[in-house]
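As a plain string of letters, each chain reads:
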Amino acid sequence: MRIDVVSIFPDYFAPLHLSLVGKAISSGIVELGVHDLRGWTHDRHNTTDDTPYGGGAGMVMKPEPWGEALDALEELDPAPMTIVVPTPAGRPFTQELAYELAAKQRLVFACGRYEGIDQRVIDHCVEHYEVIEVSLGDYVLNGGEVASLAVIEAVVRLLPGVIGNPESLTEESHSAGNGSLLEYPNYTKPPVWRGREVPQVLLSGNHGLVAKWRREQAVERTRSRRPDLLAPDGRD
Ligand code: ADE
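Keep in mind the model is a prediction, meaning the values are calculated, not measured. (Residues numbered from 1 in each chain as written. Predicted model: local features only at pLDDT ≥ 70, side-chain atom pairs only at ≥ 80, totals over all residues. Heavy atoms only, no water.)

Draft legend 1. Here's a closer look at the site of the ligand. With respect to spatial proximity, the complete set of residues near the ligand consists of Pro-86, Thr-87, Pro-88, Val-134, Ser-135, Leu-136, Gly-137, Tyr-139, Val-140, Leu-141, Gly-143 and Ala-147. Contacts to the ligand include Thr-87, whose backbone N or O atom sits 3.1 Å from a nitrogen atom. In this structure, a nitrogen atom belonging to the ligand sits 2.9 Å away from a main-chain N or O atom of Leu-136. Going through the elements one at a time, β5 (82–92) and β7 (130–135) are the ones with two or more residues in the shell around the ligand. Tallying contributions element by element places β5 first for the shell around the ligand, with three residues. (Near = heavy atom within 4 Å. Polar contact = N/O pair within 3.5 Å; in protein donor to acceptor, adjacent residues only side chain to side chain. Helix = DSSP H or I, 4+ residues; strand = E, 2+ residues; numbered from the N terminus.)

Draft legend 2. How the structure looks around the UniProt feature "binding site: S-adenosyl-L-methionine" (unreviewed entry) in the protein. The positions UniProt marks with the feature "binding site: S-adenosyl-L-methionine" (unreviewed entry) are Gly-112, Leu-136, Gly-137, Asp-138, Tyr-139, Val-140 and Leu-141. Within the fold, Val-140 resides in the loop between β7 and α5 (145–156). On the basis of relative accessible area, Leu-141 is assigned to the partly exposed category, the value being 34%. (UniProt positions renumbered as here; feature names shortened; annotations may be inferred. Buried < 20%, exposed > 50% of the residue type's maximum accessible area, 1.4 Å probe, protein only.)

Draft legend 3. Representation of helix α2 (residues 63–76). Compared with the 20 Å implied by 1.5 Å per residue over 14 residues, the 20 Å span of α2 between its first and last C-alpha is a close match. Along α2, the positions that sit buried rather than exposed are Pro-65, Trp-66, Ala-69, Leu-70 and Leu-73. Seen from one end, α2 has its buried residues packed into an arc of 130 degrees, which puts them on one side. Next to the buried residues of α2 lie β1 (2–7), β2 (31–36), β4 (60–61), β5, β6 (106–110) and α4 (119–128). (Expected span 1.5 Å × (residues − 1). Arc of directions from axis to C-beta. Contact = heavy atoms within 4.5 Å.)

Draft legend 4. Fine view of the nonpolar core. Membership of the largest hydrophobic core comes to 31 residues, with the highest contact counts inside it found for Ile-3, Val-5, Phe-93, Leu-101, Phe-109, Val-155 and Val-156. Sorting the residues of this core by element identifies β1, α1 (19–26), α3 (95–102), β6, β7 and α5 as the ones contributing at least two each. Among the elements that take part in this core, α5 stands out by supplying five residues, more than any other. By size, the runner-up hydrophobic cluster in this structure holds 19 residues, among which are Trp-40, Trp-66, Leu-70 and Val-121. (Core = buried A, V, L, I, M, F, W, Y, C linked by side-chain atoms within 4.5 Å.)

Draft legend 5. Here's a closer look at the environment of Glu-220. Along the chain, the position of Glu-220 falls in helix α7 (residues 207–225). With 38 residues separating them in the primary sequence, Glu-220 and Leu-182 have C-alpha atoms 9.1 Å apart.

Draft legend 6. Main features of the pairing of β2. For β1 and β2, the ladder comprises six bridges, and the chain directions are parallel. Each bridged residue has a counterpart across the sheet, and for Arg-2 the counterpart in β2 is Glu-31. Once you follow β1 into α1 and on to β2, the crossover reads as right-handed. (Pairing = 2+ DSSP bridges. Right-handed = clockwise from strand over helix to strand, strands pointing away.)

Draft legend 7. Molecular detail of the packing of α3 against α5. Interhelical geometry of α3 versus α5 gives an angle of 70 degrees and a closest axis separation of 8 Å. Taken together, the axes of α3 and α5 are roughly perpendicular relative to one another. Contacts between α3 and α5 involve Ala-98, Leu-101 and Ala-102 from the first element and Val-151, Ala-154 and Val-155 from the second. Taken together, the residues of the contact of α3 with α5 sort by class into six nonpolar, no polar and no charged. (Axes fitted to C-alpha atoms, helices over the stretch in contact; angles between N-to-C directions. Parallel < 35°, antiparallel > 145°, perpendicular 65-115°, else oblique. Nonpolar A, V, L, I, M, F, W, Y, C, P; charged D, E, K, R; others polar.)

Draft legend 8. Here's a closer look at the packing of α2 against α4. The interhelical angle for the contact between α2 and α4, taken along N-to-C directions, is 25 degrees, at an axis separation of 9 Å. Judged by the inter-axis angle, α2 sits roughly parallel to α4. The way α2 lies across α4 gives a crossing that is right-handed. Counting all contacts with α2, which are made through Pro-63, Trp-66 and Leu-70, the residues of α4 involved are Arg-120, Val-121 and Cys-125. Across the contact of α2 with α4, the residue classes break down as five nonpolar, no polar and one charged. (Left-handed = near helix turned anticlockwise from the far one by under 90°.)

Structural data, given as structure tokens:
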């Protein structure tokens, strides 16, 4: 998969070279390009924003640098681009959407700042590319950078070869193989820590009982913390 990011703060994306995503890049599973939007400005101050038509607080990102950036990215690689636009007005980001994005050949993250990007850029993208506006949640960040980092990490770990043991993907919270329940609690050695014991069933060696206990824990956690994830009748 090829991933491009366009931002006025490209330094935000340096941590992508760490850990699993970093390995995915160095092993060639992911090709990452991080681009400074200011490289597509032509004035002395590298201006990327201006006051909103109609008035109001805040600034809006100008369309011209974005237009040039998208044209240039299109030239870089022939694979069809899926443009991901992080915005609190977007489709809520879920594990299901992460799987959907992981199936794409090429993702381009367009990180807006301030009050967002001139709407004509989005309309232009809709006409020329696939566009997915994505919200990380019902709160407001200062821009699309942190949301893009979260989406990139969630997507890249789903790509074949990124996670050593692919079974861990099916067991974790929010995965379809788990009935979309939250994950059960986990324990490791020592068996007693500060007087707290590991649940006996996990030491029993009885795989059937362990599986049953984990499922009960997952259902109970989901019922108490995220009842919205369970079916309307309260059963999973
Ligand atoms: N940009 C600002 N707030 C955001 C949010 N909640 N999700 C995605 N992008 C954003």
